[in-house]
Amino acid sequence: MKKIMFLSLLATTFGFAQKKALPSSPSRLDTIVLAGGCYWCVEAVYENLMGVEKVVSGFAGGTVKNPSYEAVSSGDTGAAEVVQITFDPAVTNLNEIFKVFFTVHDPTTLNRQGADVGTQYRSAIFYKNEGQKKAGQQIIQALTKAKAYNSPIVTTLEPLTGFYKAKESHQNYYEKNSNQPYCQMVIQPKLEKFEKVFKSRLKSKN
């Protein structure tokens, strides 16, 4: 509850001040890769954030190039389940993306999110440049200083050395399978938390 209240304050008081956005173009878009447990959960959340143009589930941070889902699930590749978020900086920014990230997953459980256990489910920010690394460090420091969690944040900051897209059947999983038990019991609560805290930043359902 303390964490939600703190992040609600961040979202309301220090959230992204929306400007009149220009039409999106590939040259203006940016990307960030995040790991917060099962990639289906994280993907479903960011697909509903205003300013996010595309979310792709995949893998990063391992020692094997283009690993399969089965190989990553074994825990032997060192890779994590991640999402690659393509966003329009004129509509959202890294600060808001990170605030969502630290709202919808638990950054204090090492190599675990709920019943999903293993290094492939670790909490991590895969930065592609120093700007992303610094932004990640700043929000972790702010949350730590504010004592937003009862336990230390274990989210790692790792350089992005490669992103590998998961198979097509794993993309847009919640949208395709919203009635499945896993979606109802695990993904839906995360979506509801996100929608409550960031209600003014949701994409139109129309």
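Above this text is the structure in question.
Residues numbered from 1 in each chain as written. Predicted model: local features only at pLDDT ≥ 70, side-chain atom pairs only at ≥ 80, totals over all residues. Heavy atoms only, no water.

**As for the overall build of the protein**
Then, number 1: Each helix and strand in the protein was counted, giving 7 helices and 8 strands.
Then, number 2: By the burial criterion, 47% of the 206 residues in the protein qualify as buried.
Then, number 3: Restricting the contact set of the protein to residue pairs at least 6 apart, pairs at least 24 apart contribute 80%.
Then, number 4: As displayed, the protein offers around 10500 Å² of accessible surface, 54% of which is attributable to carbon and sulfur atoms. (Helix = DSSP H or I, 4+ residues; strand = E, 2+ residues; numbered from the N terminus. Buried < 20%, exposed > 50% of the residue type's maximum accessible area, 1.4 Å probe, protein only. Contact = heavy atoms within 4.5 Å. Areas by Shrake-Rupley, 256 points an atom, 1.4 Å probe, with all protein chains shown as cover.)

**A closer look at the packing of aromatic side chains**
Then, number 1: Applying the stated criterion across every chain yields a total of 7 aromatic pairs.
Then, number 2: Ring centres of Trp40 and Tyr182 lie 6.0 Å apart, and the angle between their planes is 80 degrees; this geometry places the pair in the edge-to-face category. In this pair, Trp40 sits in helix H2 (residues 39-46) while Tyr182 sits in helix H7 (residues 181-197), placing the two residues 142 residues apart along the sequence.
Then, number 3: Given a relative accessible area of 13%, Trp40 falls into the buried group.
Then, number 4: Connected via pairs of aromatic rings, a cluster forms that spans Tyr39, Trp40, Phe59, Tyr69, Tyr173 and Tyr182. (Phe/Tyr/Trp six-rings, centres within 6.5 Å; stacked < 30°, edge-to-face > 60°.)

**Quick notes on the environment of Ala80**
Then, number 1: Looking at where Ala80 falls in the secondary structure, it is placed in strand E3 (residues 80-87).
Then, number 2: When its relative accessible area of 0% is taken as the criterion, Ala80 is described as buried.
Then, number 3: Taking the C-alpha atoms as reference, Ala80 lies 6.6 Å from Arg122; in sequence the two are 42 residues apart.
Then, number 4: The residues contacting Ala80, other than those within four sequence positions of it, are Ala35, Gly58, Phe59, Ala60, Thr119, Gln120, Arg122 and Phe126.

**Comments concerning the pattern of salt bridges**
Then, number 1: Considering all chains together, one arrives at 6 salt bridges under this definition.
Then, number 2: Salt-bridge contacts for Arg28 lead to Asp88; the nearest nitrogen and oxygen are separated by 3.5 Å. A residue pair is termed long-range when its members are at least 10 positions apart, and Arg28 in the loop between helix H1 (2-13) and strand E1 (30-36) and Asp88 in the loop between E3 and helix H4 (94-104) qualify at 60 residues.
Then, number 3: Arg28 gets classed as partly exposed once you look at its relative accessible area, which sits at 26%.
Then, number 4: Residue classification places Asp88 among the buried residues on the basis of a relative accessible area of 0%.
Then, number 5: The partner of Lys128 in a salt bridge is Asp30, and the shortest N-O contact between them spans 2.7 Å. Of the two residues, Lys128 sits in the loop between strand E6 (123-127) and helix H5 (130-145) while Asp30 sits in strand E1, which places them 98 residues apart along the sequence.
Then, number 6: On the basis of relative accessibility, which here comes to 23%, the residue Asp30 falls in the partly exposed class. (Salt bridge = Lys/Arg side-chain N within 4 Å of Asp/Glu carboxyl O.)

**Description of H5**
Then, number 1: Taking 1.5 Å per residue as the helical rise, H5 with its 16 residues ought to reach 22 Å, and the 22 Å between its terminal C-alpha atoms agrees with that figure.
Then, number 2: Inspection of H5 places Gln132, Ala135, Gly136, Ile139, Ile140 and Leu143 among the buried residues, and these make up the whole buried set. All buried residues of H5 fall inside an arc of 130 degrees around its axis, so they share one side. Among the exposed residues of H5, those pointing more than 90 degrees away from its buried face are Glu130, Gln141 and Lys145.
Then, number 3: Capping the start of H5 is the job of one residue whose side-chain oxygen sits 3.1 Å from the backbone nitrogen of Gly131: Asn129.
Then, number 4: Looking one or two places after H5, you find Lys147, whose phi comes out positive at around 55 degrees. (Expected span 1.5 Å × (residues − 1). Arc of directions from axis to C-beta. Polar contact = N/O pair within 3.5 Å; in protein donor to acceptor, adjacent residues only side chain to side chain.)

**Things to note about H7**
Then, number 1: Compared with an ideal rise of 1.5 Å per residue, which puts 17 residues at 24 Å, H7 spans 24 Å between its outermost C-alpha atoms and is within 8% of the ideal.
Then, number 2: When the local axis directions of H7 are compared, the greatest deviation, roughly 40 degrees, occurs at Ile187, which is followed within four positions by the proline Pro189. (Bend = angle between axes of the 7 residues up to and from the residue.)

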